[in-house]
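# Structural overview for review
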Amino acid sequence: MSDAALLKTPLFDLHVELGAKMVPFAGYEMPVQYPAGVKKEHEHTRAEAGLFDVSHMGQVRLSGENAAAALEKLVPVDIIDLPLNKQRYALFTNEEGGILDDLMVTNFGDSLFVVVNAACKAQDIAHMQASLGEGVIVEVLDDRALLAIQGPKAAEVMARINPALSSMVFMDAGQFDLAGIPCFVSRSGYTGEDGYEISVPADQAEALSRRLLAEEEVMFIGLGARDSLRLESGLCLYGHDIDTETTPVDASLLWAISKVRRADGERAGGFPGAEKILRQIAEKNISSKRVGLVGEGRAPVREGTDIVDADGNVIGKVTSGTFGPTLGAPVAMAYVATAFADVGTEVFALVRGKQLKMSVTKMPFVPQRYFRG
């Protein structure tokens, strides 16, 4: 896509004013880093509070009497019994069990609020419009921006703006005034840290961002640090770690398949690809699976790198990799043959003709610090 055709979020001018380096990402001009640099932005988020512009993501409201039941037919997740003002991670699957996208779903009582990935936004909206049925209204909320504030000081900062936010726990959601601006707020995020995601009217996004940046703990964080933060936390990036060629079972995302939708559940199956996915769960027979890898030294192992065994046989491929600033070591996610997927297994990454030793490691690589009360 040419620069002329790239879209801009409502915060584009603020990013430029703050010295951000702007790059194309999912059809938008997005900040990859600010003058502090990726490493300092990563460390700041782990120690203080980082502010992220994620307005490129798709925001959709689903309404109608059967919206929850209709959406549940597209995901291997319990949507019907999702409690009021709670959010849940979900996956759109295809008939082969592959993952079309991952998404967040919130129950606001009179409607469901859905957030989808930017790169899949158009196809996800079309998928919902085509599949949910006539009784469900699919409303694209393209008049809203989306912010995330993440880090151990995020709750303290947000409580100064609205003290009611302190009582929320991980995956709670609600509608709150922030500095006089009506917002949808969830206590969630994609860094492994405590924090909040805030859906705000687009024309008030800059005012709210400036209000948050006025707090000494807060600084803007770009896509570069967002990627290293989510990778250290063992969180998948769609199009890299999960895609239409991977099932939730291949991707080690069994926790995301609700009990009620499994073979012995009250509403077993009934989602695209259910036969294959439920068979994989029952037979525990997959050829490769997503694992975490930690390396030695400081050389990062990048996406696309082959993973080999001690004899040099290719046994897998890296889907995400970087140097983990918090861990102080190279970290990666890879799909490897299941014979090599046990924690502690020694494998090697082929980097510029050299074999770099790595160990299969439990994820997340650094502890997640969600606030659960």
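### As for the overall build of the protein chain
- The number of helices and strands found in the protein chain is eight helices and 20 strands.
- By the compact-globule yardstick of 21 Å for 373 residues, the protein chain fits well, its C-alpha radius of gyration being 21 Å.
- Seen along its three principal axes, the alpha-carbon backbone of the protein chain occupies a region of about 65 × 50 × 45 Å.
- Pairs at least 24 residues apart make up 65% of the contacts formed inside the protein chain by residues separated by at least 6 positions.
- Carbon together with sulfur atoms contributes 50% to the accessible area of the protein chain, which is approximately 15900 Å² in total.
- Distance from the positive charge centre (36 side chains) to the negative charge centre (50 side chains) of the protein chain: 5 Å.

### A look at the nonpolar core
- Counting 31 residues, the largest nonpolar core has Ile149, Leu178, Ile198, Val200, Leu208 and Leu212 as its most contacted members.
- In terms of residues, this core owes the most to one element, helix α5 (residues 154-161), which gives five residues.
- The residues touching Ile149, leaving out its near neighbours within four places in the chain, are Ala49, Gly50, Leu51, Ala154, Val157, Met158, Asp194, Gly195, Tyr196, Ile198, Leu212 and Val218.
- Of all hydrophobic cores here, the second largest spans 23 residues; its members include Val60, Ala67, Val77 and Val114.

### Considerations on helix α6 (residues 205-213)
- Those residues of α6 that fall on the buried side of the exposure criterion are Ala205, Leu208, Ser209 and Leu212. Seen from one end, α6 has its buried residues packed into an arc of 100°, which puts them on one side.

### Focus: empty space enclosed by the protein
- The final tally for this structure, using the stated rule, is three cavities of 30 Å³ or more.
- Quantified by volume, the largest cavity comes out at close to 80 Å³.
- Lining of the largest cavity is provided by 13 residues; of these, Gln87, Phe113, Phe184, Ser186 and Glu197 occupy positions nearest its centre.
- Of all elements in the fold, only β8 (112-116), β12 (181-186) and β13 (195-201) reach the threshold of two or more residues within the lining of the largest cavity.
- Class assignment for the residues of the lining of the largest cavity results in eight nonpolar, four polar and one charged.

### As for the packing of aromatic side chains
- A full pass over the atoms with the stated rule returns six aromatic pairs.
- With a centroid separation of 5.4 Å and 50° between ring planes, the pair formed by Phe108 and Phe184 is classed as tilted. Remark: Phe184 occurs in strand β12 and Phe108 occurs in the loop between β7 (99-107) and β8; sequence separation between them is 76 residues. One exposure class covers both Phe108 and Phe184, and it is buried.
- Taking 5.2 Å as the distance between ring centres and 70° as the angle between the ring planes, the aromatic pair formed by Phe113 and Phe184 counts as edge-to-face. Here Phe113 is found in strand β8, whereas its partner Phe184 is found in strand β12, with 71 residues between them in sequence. As far as burial versus exposure is concerned, Phe113 and Phe184 are alike and both buried.
- By way of ring pairs, the aromatic residues Phe108, Phe113 and Phe184 are connected into one cluster.

Rules used throughout
Residues numbered from 1 in each chain as written. Predicted model: local features only at pLDDT ≥ 70, side-chain atom pairs only at ≥ 80, totals over all residues. Heavy atoms only, no water. Helix = DSSP H or I, 4+ residues; strand = E, 2+ residues; numbered from the N terminus. Rg over C-alpha atoms; globule rule 2.2 N^0.38 Å. Contact = heavy atoms within 4.5 Å. Areas by Shrake-Rupley, 256 points an atom, 1.4 Å probe, with all protein chains shown as cover. Lys, Arg positive; Asp, Glu negative; His and termini not counted. Charge placed at Lys NZ, Arg CZ, Asp CG, Glu CD. Core = buried A, V, L, I, M, F, W, Y, C linked by side-chain atoms within 4.5 Å. Buried < 20%, exposed > 50% of the residue type's maximum accessible area, 1.4 Å probe, protein only. Arc of directions from axis to C-beta. 1 Å grid on protein atoms, 1.4 Å probe; cavity = no way out; pocket = protein on both sides within 12 Å on 5 of 7 lines; lining within 4 Å. Points joined across faces, edges and corners; volume = space filled by probe spheres on them. Nonpolar A, V, L, I, M, F, W, Y, C, P; charged D, E, K, R; others polar. Phe/Tyr/Trp six-rings, centres within 6.5 Å; stacked < 30°, edge-to-face > 60°.

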